[in-house]
Structures are given as C-alpha cells and as structure tokens.
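The primary structure of each chain is shown beneath.
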Amino acid sequence: MSNAISVNKQNVKQLLESGKNSKFIIPEYQRPYAWSDEQIQTLFDDLVEYTKQQNLESEKESNYFLGTIVFFENEDEEKEIIDGQQRITSLFLLLRAIYSKLESMTETAEVKNFKAQIESALWEQDELTAQVNYDEILIESRVMNNEGNKIFADILKTGQTGKSRDNYTANYILFSELIEKYTNEEPELFFWFIRNVLSRAILLPIRADSQDTALTIFSTLNDRGLALSDADIFKAKMYNKLEPQEKDKFIERWQKLDEDASNANENIQKLFYYYMFYLRALEGDRKTTTPGMRKYYARNSFDKLHNPNVLNDLENIMILWIAINNRIEVEGYPWTENMEIKQVLDSLLSYPNEFWKYPVVIYYLKYHRNTNFEPLFLRFLRKLFTELSAKYIVTPTINAVKTSILNLNLEIIKSPEPKFVFPKIDLNNLKSEMVNPHRNTVRMILKAISYESQDSLLPEKWEIEHILPRKWQSSYFPNRSDEEIEEIVENIGNKIPFEKKLNIIASNGYFNKKRESYKESKIQVVLDLYNEHNDWGIEDINERNIRISDKYIGLLKKWGLNNDKYLIEDVSLDDSTELTEEEILVIRSLKNRGINLNDTDFTFVND
C-alpha cells in the first residue's frame, strides 16, 4: 500500500470542531507542553496586529497563517498529533481564556454568538439541542508521566487554575491577563479579534495514513531540531504494554537511563541502535544493508520492544559506555577496573568509524555475566583491534570490514571465542603503510604504542605533536626539497601524543626549545623521548619509523594478526609446566589485577 496524505486548509474553528468526529490526542511519546511566555506573547501580539491591520484595510480581506498540524488517525479513530501539539494546545488555552472573559461580560448578541462558536470548538455537544458537555473536551494529552495532562484538562473544563506554576497554568493566566488588558484598551476591536482567531487564522492540517508516514512528513517539514526521536516512540510502545503498577518504576528507570546517556555523551536513540545489531545477530541476520531503526523495531507490532529484557539490556549497554566514555570504574563491574581492557577500548575509540562498536556491544551483552568474562573480553578486544586497525591502515575505506563485522556479530552469539573471518594482511604492505599512515589512523596507532609503555590511560585532552615542527626553516635542510621535508614531517616517527596545554606552550619550536615541555608530560613515550634525545632530525625520524612499525606489527601479531586462533601472551613460568586453557585464563586474570606471578608461589591442583 502506498503512503497517502491529505492536506485541507482550515481555520481554527473548523479544525478544532473536527475533534467532535475524532478527538485530538497528544500521544504518550510526545514531549510535555513547553511554550514559553515569550512565545505566548508573540502569538497574541501577532493576532492583535493582524486585527488592527484588517480594521485599517477593511476592503482587503486576508488570512493569518498559523502553521501546520501533522497527524494520523490511530486504531481508536483518534487524531494522534505528531507535529503541532504545542501550537494546538496554545490555541485551546487561548479560546478557553476568551470564553471565560465572555462569560464575565453582559450577554449581548456578539457575546452570545462567539460563546456559541467557541463552545463548538472546545467541547462535545448534544447533536439536537447543542447542549454543551463541559466535561467532554475535544483534546486529550496523554504525555507520559506528566501531571500536566490533568491540569490541562481541568483548565479547559472549568476555566480555573490551581496553585501550580506549570506551563499550562502559566500560559492560561498570561492569555487571560492579555485579553483583559486588550478589552480595556481596544474594546471596539475585541469581537473582531475573536472573529479573526476563529475564522481568519488558518492552519494547514496534514493527515497521514499511518504513524510512520506522519513522522516522515514531520521530519521533512521540521527545521527546528525538535523532531521526535525513534526512542520517544519506543518508550511509549514499551510503556503502554506495562501493568499499571509497573509504570512508575519504568519511568524512573527510563529517566535515569536518559540522564546516564547524556552524561556519557550518548543518547537513548543510539542505545537502541546498538541494541538492534545485537538482536539482528540473535536472528542470524548478516545482511550488509542496515535497516531503518524505527522500521526494524516496528515489525510485528513492535513485539521486540515488549520483551521484558529490553530495558535491562539497554541499561547494560549504558554501563559499557559509561566506563568507556567517562573513563571511570563502575561499582559492581570489576572489568571496569582492568586497565588493559580500558586501554584497548580507548584505542578502539580512535578507530575511524563506528563498526567496532557493534561486536563489542554484542559480546558484552552476551557474556558479561560469565565468571571468566574479563580475560575473555580482553582477548576478544585485542583480536578485534588487531583485525580492524591492520585492515584500515592497509585499506583506509569505511566499508572495508563491513561484511567481516556482520559475520563476526553472528559468530559472537555462538561462542565467547568467536571465529574472526577477516582477510589476511600482507605484513610488508602493512609495514610500508605504517610510515605515513592515513591521518584517520594516527591517533589509534599512537594510543596503542603508548599503552605498551604505561599502565594508565592517556590524558583526556591530548594532541598529535610533531616533534620536528611543521613550520621549519629551509636552511636547516639544504640538501632536501620542501616537498620531501613536508612528507617526512608527517611520518609516524615524528609524532607523539602530547597534552594539549603543554603543546600550546611548546608551540612550533625546535626540539631543544620544546624539550623542557616534554619533561613535564605524564605520557611515558614523551618522557622517553626527553630522556633519550638531546636533538632531533631526519635520521631520528627514520629510525623511529622503523621502531614504531616493528613494535606495532609485533603487538598485532601477538594479539592474533593473521592467526585463526587467539594468541595468548607468554606467562613467566617454568618451561616444563604445561597449562590448560583454563589455567592460562586464570593467570591472565591475576596479572590484570597487578599480581606479579614471578614473586608468587602457586600450584594448580587438578581434581
């Protein structure tokens, strides 16, 4: 079935009256009413100015355009508003404030006329007598966990406000004050003002055939950065399936998840995206085309979101990103104290695209409860880093590993030691590319090399420092062309990670001037440079190119490059000792916790 929409220009009275046939609904996933007093003042002033102009130019009738309303008719035959809920809510409040003012006035023909018109736009009426049922309003807000829903309804029903200073109350009071002031200052225009609000203020209601179509229209029209996220929709779908006693707890957990995500520079939308790859792996889906997230979760009436484990899984994914992005230890999660794990994850953060995140999330969700999770996770991360970094250095394109990653996602579901099906890397080619690697890989390489020399994370704010500065004097290199020097300066051997504040001090000076700044660094490779060199030139760069490429390739080989098996770092034990796989994992776990095995007497006892 093709998507269908209908557009029918209507004035305010016509649109609101249509709520008699199908009520306007502000659904659970919408954000709370948020119009400010400034927006209310602007709307009112614009309508006042329009009325004034129309009075001055009585022969020239025109309309005042208020904007669009995007909605679809849901399964209960209600108008579910996707866009325009702030605007239509404000119009309901404005008309209720006008009605309250009319009730306080002597009932002239004009008062009686406009009261009748507003009654038709706000409330249900008897079809034969037009008797108004003030308890049956034509709009209902169902915004999740929002006390304002009842406040809004009560204002429309009674015209009274309580002591609350929520937006509904504040804006209704402001409308009432503005109307009172206007009737005193421009009494002869007041009824024309009402007439214009009802009949000359125009809206463009866009009716879609489905929620998905309505959301698409909204995303196309909306340019204010306030578009509903898929996560807003998913939250409502999950919430609506809960038992009443479960809803408060769900909201509490959701709000914490949202807060944690924001503090970790993530968002719930991204958590659902990561989670989609986990679910796809469980389903055995290895298609290279990534489905639209809302379309994926919407299959079979959003049944994936009705699984009781969804929120737990999202919370677990959040723990992973809190540890990675915030670089902190999370209580109750011992792996977050493992510096080797944290260093590999930090190195992966500098991988040039997000493909690495999907297998990491899948592995974590699948196995984080395992008793031997830490050593397994470390080996997995190292192998993943090895395959991804080597491939990107040799072939620096976004999709070079896409198929391999999707296959790996499925392999992870099968085993905590998944099979990595990645193309073999030509080591000579890798070594050649290491000299002047693609700029997107430099931070990743520098991190991995640095972590071989220190047992802490690099500072959060560091920059790539060119030891030989990018601005040099040609007289220093009389036998070299500028093009040649420019290329050498960009070699990996001429680059180190360096604290941003120190880098500013060092500026573009030569080595003997920058050396004192290096001395203040907390990064071990920078301190090594300070201790080992009194000068720096082209030969030093060439020599360091070789050392870095050899060290990096040696590291990748140790972690499993071009090897179908996971390679396990040698443990200092008597050569005659033969260890089982389980024993090696135990030793690895002890080393991760800082226990020096050379100084420890231990014996494995086989039952």
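In case you missed it, the structure is sitting above this.
Keep in mind that what you see is a predicted model, and the values were worked out from it rather than measured.

### Quick word on helix α3 (residues 85-103)
Line of reasoning, step 1. Along its 19 residues, α3 runs 27 Å from first to last C-alpha, staying within 8% of the 27 Å computed at 1.5 Å per residue.
Line of reasoning, step 2. With respect to burial, α3 is a largely interior element, 17 of its 19 residues being buried.

### Regarding empty space enclosed by the protein
Line of reasoning, step 1. Taken as a whole, this structure holds four cavities of 30 Å³ or more when the rule is applied.
Line of reasoning, step 2. If you trace the second largest cavity, you find it lined by Ala-323, Ile-324, Arg-327, Trp-335, Lys-342, Leu-345, Asp-346, Leu-349 and Leu-457.
Line of reasoning, step 3. At the level of secondary structure, the elements contributing two or more residues to the lining of the second largest cavity comprise α13 (310-326) and α14 (339-349).
Line of reasoning, step 4. If one sorts the elements of the lining of the second largest cavity by residue count, α14 sits on top with four residues.
Line of reasoning, step 5. Split by residue class, the lining of the second largest cavity holds six nonpolar, no polar and three charged.

### Some words on unusual backbone geometry
Working note: non-glycine residues mostly have negative phi, and peptide bonds are mostly trans.
Line of reasoning, step 1. Despite not being glycine, Ala-130 has its phi angle at roughly 65°, a positive value.
Line of reasoning, step 2. Summarising the element assignment, Ala-130 is placed in the loop between β6 (123-125) and β7 (132-137).
Line of reasoning, step 3. With a relative accessible area of 43%, Ala-130 lands in the partly exposed category.
Line of reasoning, step 4. For Ser-301, which is not glycine, the phi torsion reads 60° and is therefore positive.
Line of reasoning, step 5. Structurally, Ser-301 is set in helix α12 (residues 293-302).

### A look at the packing of aromatic side chains
Line of reasoning, step 1. In the structure shown here, the tally under the stated rule is 43 aromatic pairs.
Line of reasoning, step 2. An angle of 80° between the planes, with centres 5.3 Å apart, marks the rings of Tyr-296 and Tyr-297 as edge-to-face. In terms of burial, Tyr-296 and Tyr-297 fall into one category: buried.
Line of reasoning, step 3. Between Trp-335 and Tyr-364, the aromatic rings sit 5.4 Å apart at their centres with planes inclined by 65°, giving edge-to-face as the arrangement. Of this pair, Trp-335 sits in the loop between α13 and α14 while Tyr-364 sits in helix α15 (residues 357-367), and the two are 29 residues apart along the sequence.
Line of reasoning, step 4. Judged by relative accessible area, which is 4%, Trp-335 ranks as buried.
Line of reasoning, step 5. Following the ring pairs from residue to residue traces out a cluster consisting of Trp-335, Tyr-363, Tyr-364, Tyr-367, Phe-373, Phe-377, Phe-380, Phe-420 and Phe-422.
Line of reasoning, step 6. The aromatic ring of Phe-24 is capped on one face by Lys-79, whose charged end is 5.1 Å from the ring centroid.
Line of reasoning, step 7. One residue, Lys-383, lies across the ring of Phe-420, its end atom 5.7 Å from the ring centre.

### Comments concerning the pattern of salt bridges
Line of reasoning, step 1. Applying the stated criterion across every chain, the model contains 30 salt bridges.
Line of reasoning, step 2. The partner of Arg-31 in a salt bridge is Asp-232, and the shortest N-O contact between them spans 3.5 Å. Separated by 201 residues along the polypeptide, Arg-31 in the loop between β3 (24-26) and α2 (37-56) and Asp-232 in helix α9 (residues 230-240) bring together distant segments of the chain.
Line of reasoning, step 3. Take Asp-232: its relative accessible area is 12%, and that puts it in the buried class.

### Section: helix α17 (residues 402-414)
Line of reasoning, step 1. Here α17 spans 19 Å end to end across 13 residues, near enough to the 18 Å set by a 1.5 Å rise per residue.
Line of reasoning, step 2. Lining the buried residues of α17 we find α11 (268-283), α15 and α16 (373-394).

### Thoughts on the layout of surface pockets
Line of reasoning, step 1. Computed from the structure, the largest pocket encloses a volume of approximately 670 Å³.
Line of reasoning, step 2. Lining the largest pocket are 26 residues, and of these Phe-72, Glu-75, Glu-80, Gln-211 and Lys-237 sit closest to its centre.
Line of reasoning, step 3. Secondary structure elements with two or more residues in the lining of the largest pocket: α8 (211-221), α9 and α12.
Line of reasoning, step 4. When residues of the lining of the largest pocket are assigned to their parent elements, the largest contribution, five residues, is made by α12.
Line of reasoning, step 5. Looking at the lining of the largest pocket, its residues break down into eight nonpolar, six polar and 12 charged.

### Concerning a negative patch on the surface
Line of reasoning, step 1. There is a patch of like negative charges on the surface, built from Asp-482, Glu-483, Glu-486 and Glu-487.
Line of reasoning, step 2. Mapped onto the fold, Glu-487 is located in helix α20 (residues 482-489).

### Topic: the packing of α13 against α15
Line of reasoning, step 1. One can describe the packing of α13 onto α15 by two numbers: an axis separation of 10 Å at closest approach and a directional angle of 120°. Between α13 and α15, the angle falls in the class oblique. The crossing of α13 and α15 is right-handed. Only Lys-357, Val-360, Val-361, Tyr-364 and Leu-365 of α15 make contact with α13, whose side of the interface consists of Asp-313, Asn-316, Ile-317, Ile-319, Leu-320 and Trp-321.

### Description of the nonpolar core
Line of reasoning, step 1. Ranked by size, the top nonpolar core spans 128 residues in total, and within it Phe-272 and Tyr-297 carry the most contacts.
Line of reasoning, step 2. Among the elements that line this core, the one with the most residues is α16, at 12 residues.
Line of reasoning, step 3. When neighbours within four sequence positions are excluded, Tyr-297 is seen to be in contact with Phe-234, Phe-272, Tyr-275, Met-276, Leu-279, Phe-302, Asp-303, Lys-304 and Leu-305.
Line of reasoning, step 4. Core analysis: the second largest hydrophobic core is formed by 58 residues, Leu-15, Trp-35, Ile-40 and Ile-81 among them.

Cut-offs used in this document
- Residues numbered from 1 in each chain as written.
- Predicted model: local features only at pLDDT ≥ 70, side-chain atom pairs only at ≥ 80, totals over all residues.
- Heavy atoms only, no water.
- Helix = DSSP H or I, 4+ residues; strand = E, 2+ residues; numbered from the N terminus.
- Expected span 1.5 Å × (residues − 1).
- Buried < 20%, exposed > 50% of the residue type's maximum accessible area, 1.4 Å probe, protein only.
- 1 Å grid on protein atoms, 1.4 Å probe; cavity = no way out; pocket = protein on both sides within 12 Å on 5 of 7 lines; lining within 4 Å.
- Points joined across faces, edges and corners; volume = space filled by probe spheres on them.
- Nonpolar A, V, L, I, M, F, W, Y, C, P; charged D, E, K, R; others polar.
- Phe/Tyr/Trp six-rings, centres within 6.5 Å; stacked < 30°, edge-to-face > 60°.
- Lys NZ or Arg CZ within 6 Å of the ring centre and 35° of its normal.
- Salt bridge = Lys/Arg side-chain N within 4 Å of Asp/Glu carboxyl O.
- Contact = heavy atoms within 4.5 Å.
- Patch = residues over 30% accessible without salt bridge, like charges linked within 9 Å, V, L, I, M, F, W, Y side chains within 5 Å.
- Areas by Shrake-Rupley, 256 points an atom, 1.4 Å probe, with all protein chains shown as cover.
- Lys, Arg positive; Asp, Glu negative; His and termini not counted.
- Charge placed at Lys NZ, Arg CZ, Asp CG, Glu CD.
- Axes fitted to C-alpha atoms, helices over the stretch in contact; angles between N-to-C directions.
- Parallel < 35°, antiparallel > 145°, perpendicular 65-115°, else oblique.
- Left-handed = near helix turned anticlockwise from the far one by under 90°.
- Core = buried A, V, L, I, M, F, W, Y, C linked by side-chain atoms within 4.5 Å.

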